[in-house]
Amino acid sequence: ARDPKLDRDVAIKVLPESMVRDPERVARFEREAKLLASLNHPNIAAIHGFDDMDGTRFLVMEYVEGQTLGNHLKNGPVAVEDALDIAKQIAEALEAAHGQGVIHRDLKPANVMIREDGTVKVLDFGLAKAMSDDPSGGAVANSPTITANFTRPGVVLGTAAYMSPEQARGRQVDKRTDIWSFGIMLFECLTGQQLFQGETANDSMGAIMHKQPDWASLLPTNTPPTIQLLLRRCLTKDRKRRLHDISDARVELEEAIADPTSSSLGLARAALDVKTRALPTRAQMTVFVIVLLATAVGVWFAKPTPELHRPVRRFEFAQDLKPRVTVISPDGTMVAFESENDVYLRDLDSVDTRLLWKDGTDEQIRWLFWSPDSQWLGIQSDTRFWRIAVSGGRAVLVAERRATIMTTWSDEGYFETCDVREGSFIRIPARGGEPRTVLQENEDEVHFHPGSSLPGGKGYLFVPHPKDDDARTICVATADGQRHDLYESDQSLYHPVYSHTGHIVFQQSAEPSGIWALPFSLERLQVTGEPFLVVSKVWLCSVSNTGDLVYAKRFGSAERGRRLAWVDRSGEVLGTFGPTLYGATQPSLSPDRLHVAVSARGLDENIFDSDPDIWLVDVQRGTATRLAMEEGRQLGMTWSPDGKRIAYTTLTPGFEHSAVSVRAADGSGQSEVLIADAYGYSLVDDWSMAAIVEGSIADDVWISIHRFEGASTREVFQNSVEWDIFPHIRPGGGLIAYSSGVAMSPTTPIFLRPFPEGEGRWRVAMTEARNACWSRSGDRLFFVAIEGTKETLMEVSVTLDESGVRLGEVTPLFSISDHEFGDFDVAPDGERFLMLQSLRKPEDEETEEGIVLIENWFEEFRARTK
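Residues numbered from 1 in each chain as written. Predicted model: local features only at pLDDT ≥ 70, side-chain atom pairs only at ≥ 80, totals over all residues. Heavy atoms only, no water.

**Regarding the sheet that holds strand S20 (residues 436-440)**
Paired through backbone hydrogen bonds, the strands of a sheet run either parallel or antiparallel to each other. Spatial ordering of the open sheet is given by S17-S18-S19-S20, a layout of four strands whose pairing is antiparallel. Pairing within the sheet leaves two strands with one partner each, and these edge strands are strand S17 (408-409) and S20. Pairing between strand S18 (residues 414-419) and strand S19 (residues 424-429): six bridges, direction antiparallel. Opposite Phe415, over in S19, you have Ile428 as the bridge partner. (Pairing = 2+ DSSP bridges. Helix = DSSP H or I, 4+ residues; strand = E, 2+ residues; numbered from the N terminus.)

**Topic: the environment of Val716**
Within the secondary structure layout, Val716 lies in strand S45 (residues 713-718). It is 9.7 Å that separates the C-alpha atoms of Val716 and Val693, two residues lying 23 residues apart in sequence. When neighbours within four sequence positions are excluded, Val716 is seen to be in contact with Trp702, Ile703 and Ser704. (Contact = heavy atoms within 4.5 Å.)

**Quick look at the sheet that holds strand S15 (residues 384-389)**
Pairing is antiparallel in the open sheet, where four strands are placed in the order S13-S14-S15-S16. The two strands at the open ends of the sheet, each matched to only one other strand, are strand S13 (367-370) and strand S16 (396-400). On average, each strand axis in the sheet is tilted by 25° relative to the strand beside it, whichever way the strands run. Here S15 pairs with S16 via four bridges, running antiparallel. (Axes fitted to C-alpha atoms, helices over the stretch in contact; angles between N-to-C directions.)

**Section: the packing of helix H4 (residues 80-99) against helix H7 (residues 175-191)**
Two numbers describe how H4 lies on H7: the axes approach to 10 Å, and their chain directions differ by 165°. Taken together, H4 and H7 sit at an angle that is classed as roughly antiparallel. In this structure, H4 meets H7 at a crossing whose hand is right-handed. The segment H4 lies against H7, with Val80, Ala83, Ala87, Ile90, Ala91, Leu94 and His98 engaging Lys175, Asp178, Phe182, Met185, Leu186, Cys189 and Leu190. The residue makeup of the contact of H4 with H7, split by class, is eleven nonpolar, one polar and two charged. (Parallel < 35°, antiparallel > 145°, perpendicular 65-115°, else oblique. Left-handed = near helix turned anticlockwise from the far one by under 90°. Nonpolar A, V, L, I, M, F, W, Y, C, P; charged D, E, K, R; others polar.)

**Structural notes on the environment of Glu363**
Residue placement: Glu363 occurs in the loop between strand S12 (353-357) and S13. Glu363 gets classed as buried once you look at its relative accessible area, which sits at 13%. A C-alpha to C-alpha distance of 5.8 Å links Glu363 and Ser381, two positions 18 residues apart in sequence. Every residue in contact with Glu363, bar those within four places of it in the chain, is listed here: Asn341, Ser381, Asp382, Thr383 and Arg384. (Buried < 20%, exposed > 50% of the residue type's maximum accessible area, 1.4 Å probe, protein only.)

**Some words on the layout of surface pockets**
There is about 680 Å³ of room inside the second largest pocket. Lining the second largest pocket are 28 residues, with Glu81, Pro260, Asp373, Gln375 and Trp376 positioned closest to its centre. Elements supplying a minimum of two residues to the lining of the second largest pocket: H4, helix H10 (246-258) and S15. With three residues, the top contributor of residues to the lining of the second largest pocket is H4. Grouping the amino acids of the lining of the second largest pocket by side-chain chemistry returns 14 nonpolar, eight polar and six charged. (1 Å grid on protein atoms, 1.4 Å probe; cavity = no way out; pocket = protein on both sides within 12 Å on 5 of 7 lines; lining within 4 Å. Points joined across faces, edges and corners; volume = space filled by probe spheres on them.)

**Brief notes about H10**
For H10, which comprises 13 residues, the first-to-last C-alpha distance of 19 Å matches the rise-based estimate of 18 Å (1.5 Å per residue) to within 8%. Every buried residue belonging to H10 is among Ile246, Ser247, Ala249, Arg250, Leu253 and Ala256, and all of these are buried. Contact partners of the buried residues in H10: H4, H7 and helix H9 (225-234). (Expected span 1.5 Å × (residues − 1).)

**Some thoughts on the side chain of Arg242**
Here Arg242 shows up in the loop between H9 and H10. Within the local environment of Arg242, its side chain forms a polar contact with the side chain of Glu166, the two groups lying 2.9 Å apart. A distance of 2.9 Å separates a polar side-chain atom of Arg242 from the backbone oxygen of Arg176. Residues contacting Arg242, with those up to four places away along its chain left out, are Ser164, Pro165, Glu166, Arg176, Thr177, Ile179, Trp180, Arg233, Cys234, Thr236 and Lys237. (Polar contact = N/O pair within 3.5 Å; in protein donor to acceptor, adjacent residues only side chain to side chain.)

**Details of the pattern of salt bridges**
A complete count under the given rule lists 35 salt bridges for this structure. Notably, a salt bridge pairs Arg239 with Asp174, separated by 3.9 Å at the nearest N-O pair. Highlighted residues: Arg239 in the loop between H9 and H10 and Asp174 in the loop between helix H6 (165-168) and H7, separated in sequence by 65 residues. Through salt bridges with shared partners, one network takes in Arg569, Asp779, Arg780, Glu795 and Glu831. (Salt bridge = Lys/Arg side-chain N within 4 Å of Asp/Glu carboxyl O.)

**As for the packing of aromatic side chains**
The full count for this structure, using the stated rule, is 15 aromatic pairs. Centroid distance Phe337 to Tyr344: 5.4 Å. Interplanar angle 15°. Geometry classified as stacked. Tyr344 carries the same exposure label as Phe337, and that label is buried. Their ring planes at 85° and their centres at 4.8 Å tell us that Phe369 and Phe415 sit as a pair that is edge-to-face. With Phe369 in strand S13 and Phe415 in strand S18, this pair connects stretches of sequence that are 46 residues apart. Both residues of the pair, Phe369 and Phe415, belong to the buried class. The structure contains a cluster of three or more aromatic residues connected by ring pairs, namely Phe369, Phe385, Trp409 and Phe415. One Lys or Arg, Arg346, reaches over the ring of Phe317 and ends 4.6 Å from the middle of that ring. When the ring centre of Trp566 is taken as reference, the NZ or CZ atom of Arg832 above it lies at 4.1 Å. (Phe/Tyr/Trp six-rings, centres within 6.5 Å; stacked < 30°, edge-to-face > 60°. Lys NZ or Arg CZ within 6 Å of the ring centre and 35° of its normal.)

Next comes the structure, spelled out in structure tokens:
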């Protein structure tokens, strides 16, 4: 509910009508509520008041956003590190309440909320007693979560499983009851299992009072020894021998978080299995001898051994899952990969592939990265960073920040990456916290291509992208914020990654393209040899500390070709024409429908580093002719009304110069600059006015109106706090469609506004979208809606008359993803679409997919690096 007096959201709990009819119970409830309201602790949900309205009595409580611990546990156990943190916060809440003489009495996962930032809030302190009709606490049946039919066979009641033995017997309870329930909850967080679950509440309570489960064997192997001892003390049935104060548990948890292995205490996990009585002297001597022999064997095997040249072996797997982003763990034992926004783990010691994270974000996963100890996996989506334990459990949101791909997890406990909007190298604490900028781009650069952390805090590898050139230099940013050039190439290179074989592995896009290795001294931070090609025509890769290399064939294979296709409104392909085009985008149909202008790198699948030029495809003959070869990228074509000229955007390397140019459609003559300093444009029908995108790529871009009459003029049309891009003026004028959203994002909301003047602004659809395109009559707008990994071509009718603007219902036409269609144009009748259909590979063959693992990759190249 909303509290209008204090302008805040609150939670309301209404008392049952049966209780309201009993004045004595209501009076006692008010007394208990006053006591509970005195609790003031960040881990306790506060009580704001007790009120009534028209005979309805209710509590007004703090509103806590998030999920209950119970809902989190439906996904399985919580990672040990997170379980200890949750338990510590619960212990702190109990410690504060017990200090005020308040006992919870109904502690269970459903009464624990976890906010998005990881803060724990314990709910409903003391309400079990407050709502009871027995002032002493009396029978268990009067607990608010135990009903009159709780003994009915087949009814499973969660609360019964968390009762202490004395509570299940209906005896007087004290704070040690909360300690028992606390132990049960900590066990469930670590294992994902209820310790005393039965088919009925009676079964659960019977198990609590009489059963001695072998619970220690169910705990994760990396559970700190002190926590196993703590659980044993919390779950002692005799409350005289049970842990007496929750503050002791809080201290144990803090020490376990700081020292998980309990090395400072001299404990070993084996000590937990020793019986309480002393071992006989003979047994003690036997143990001593075994330990001595084990130590001797360990020392023997720890002696330096001659270097062995292990064989190079290649494996392929996961072909059926269409893996994309693929990374190998530092210890070389596991491979994590993303497929259709799900995250999988493959244990390399077995043939098992298991699902780790089921479509856990509404954004596209961009990259995965491992913690140095191989126990955690970092997940990066469009604007968020997560971490999840490989043992399972829930993912933890670490930060919200847009960055490029290739984030790495440093030895010092930071996510290290590059911010695409700020042009900076940033560090994000893996445990959560504010990101910190370590190194900023200079005025001569556009942004950084990220790489990876160097071991031992030596620095971070990256490639700066100059405004007037390609990215050709590998640099290192050291911990003190200094920057040093390591290697300069005459080719474009990206994403340098340190390999423990003594190399920097990087990607080169020009021929010969693929993964290259550069000999490198970590101690001296110097290059020690010439680079050599490791795998051709592969893009991103990942390396382990053990000398293994992994990459996804689907993600790194040769660029997929596309062909022009006519598609009807149901998504059926009516026919294809023209040659296979590579790097093709933005087809534009000529007014006479005889040619298609398309931006493409070329007709050769091996063209990787060339900039796209304008190609003209003859619709009837199927031939393709390059209009001209010019410096920079040519894209975004528009035909003149008579079909004799073509306007297009030219972007030079690093976006140092951008302009709208025009040239004859027959290729004669030279190009002329139509509008200077524009990143994109849209022309009105008679080319007398344009909407252009201008500004600074490193800062902000906006839409301006450019008029050609007399001296060219321009004025700001749309400039929000976000980027305003991709203008599309409606045929016939009066309206403009454009995108407004986060910088560098290919998918943003689409809006309509009157053009060139007028009031009003309308969002076309609630989904993220791309590729707005008007029908030739201007009565319909088509666009691609994006929901997660699903892309759908949509249509919405648009009416513009004297009464204003009216948008019809958004109608889905067909799936873009299923057919692998790219950009599109609309036929004059609005019933067909000219689309770029992706081909699996040249000649319509299937592209091989899967993960390639190369064990000991360096052995192939050892001789050439000596």
